[in-house]
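Residue-level structural notes
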Amino acid sequence: MRRTIIWLTLFAIAMGFLETAVVIYLRRMFYPNGFGFPLATVDTQIALVEFCREAATIIMLVGIGALAGKNPSQRFAFFIYAFAIWDIFYYVFLKIFLGWPESLFTWDILFLIPVPWVGPVIAPVLVSCTMILLASLILYFDEETGDAKFRFIERLFLVFGCLIAIISFVWDYFAYVSDHTGISMWAPGRSQDLFMELADYSPGHYNWWMFLVAEAVALFGIFIYYKRLTGKRIPKRAY
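Residues numbered from 1 in each chain as written. Predicted model: local features only at pLDDT ≥ 70, side-chain atom pairs only at ≥ 80, totals over all residues. Heavy atoms only, no water.

Scanning the protein from N- to C-terminus turns up 6 helices and 2 strands. Listing the helices and strands of the protein from first to last along the sequence gives α-α-α-β-β-α-α-α. Within the protein, the proportion of its 239 residues that are buried is 44%. Intrachain contacts of the protein at a sequence separation of at least 6 include 76% that bridge at least 24 residues. Surface accessibility of the protein: about 13300 Å² in total, with carbon and sulfur atoms responsible for 68%. (Helix = DSSP H or I, 4+ residues; strand = E, 2+ residues; numbered from the N terminus. Buried < 20%, exposed > 50% of the residue type's maximum accessible area, 1.4 Å probe, protein only. Contact = heavy atoms within 4.5 Å. Areas by Shrake-Rupley, 256 points an atom, 1.4 Å probe, with all protein chains shown as cover.)

Our focus in this paragraph is the packing of helix α4 (residues 122-145) against helix α6 (residues 208-229). Between α4 and α6, the shortest axis-to-axis distance is 11 Å and the interhelical angle comes to 10°. As far as their axial angle goes, α6 and α4 are roughly parallel. Of α6, the residues touching α4 (which contributes I122, A123, L126, V127, T130, L133, L134, L137, I138, F141 and T145) are W208, F211, E215, L219, I222, Y225, Y226 and L229. Here the residues of the contact of α4 with α6 are counted per class, giving 16 nonpolar, 2 polar and 1 charged. (Axes fitted to C-alpha atoms, helices over the stretch in contact; angles between N-to-C directions. Parallel < 35°, antiparallel > 145°, perpendicular 65-115°, else oblique. Nonpolar A, V, L, I, M, F, W, Y, C, P; charged D, E, K, R; others polar.)

With that settled, the discussion passes to the packing of aromatic side chains. Applying the stated criterion across every chain, the model contains 25 aromatic pairs. Seen in terms of ring centroids, F141 and Y226 are 6.1 Å apart; in terms of plane orientation they differ by 55°. Their pairing is tilted. With F141 in helix α4 and Y226 in helix α6, the pair connects residues that are 85 residues apart, well separated along the chain. Judged by its relative accessible area of 1%, F141 is buried. On the accessibility criterion, Y226 (36% relative accessible area) is partly exposed. Between Y206 and F211 the ring centres are 6.1 Å apart and the planes differ by 55°, which places this aromatic pair in the tilted class. Summarising the burial analysis for this pair, Y206 and F211 share the class buried. Directly above the ring of W100 sits R27, whose terminal nitrogen or CZ lies 4.1 Å from the centroid. (Phe/Tyr/Trp six-rings, centres within 6.5 Å; stacked < 30°, edge-to-face > 60°. Lys NZ or Arg CZ within 6 Å of the ring centre and 35° of its normal.)

And the structure:
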């Protein structure tokens, strides 16, 4: 297990570096004076490549979790652990090479699928820390009890926490779109350049209350999972 975690960590850190390298190239192309909002328009071909790259990144993280884990609980834990390490070190390498973000409260575009996700850098970092905590507990209890599966209520809290967090990231974007009539969202099959509909968009308000609720819901799910499995051990074999 220790060797698996070490190699998984190195893999995720390397992926974080590759993500940073791609972003550095994109910023040299589209933000020569430094990244900021409003977002620069991106032609359809590059936009489609970016969508596919993001999808490929998730597939790689899911794949490494599936290969490293011996059962569904381990596979899920390794996936979210790799995702969290990748995300955190992406920002670490950006800070090393570009001196960005200026602070943990600097706005960033987090994801493009299916719509732009935006938020202060500290928000996805906190989500990643929560994922590392959950992954650690799953792996620990899987070793200690041999059964780290979630019960329905625990899974429900975790899923709802995840969904609320996602909504907090797309909230400002949808608020902008709803306030500007005539804006049509970008889709891979359209000839319109990506971010053309956001030519005047600069995020101004992050829904911190929604994010805090999301974290609280997820952490409560983790807590009841922890309480249920604490003290449980693999029964000794009878000889």
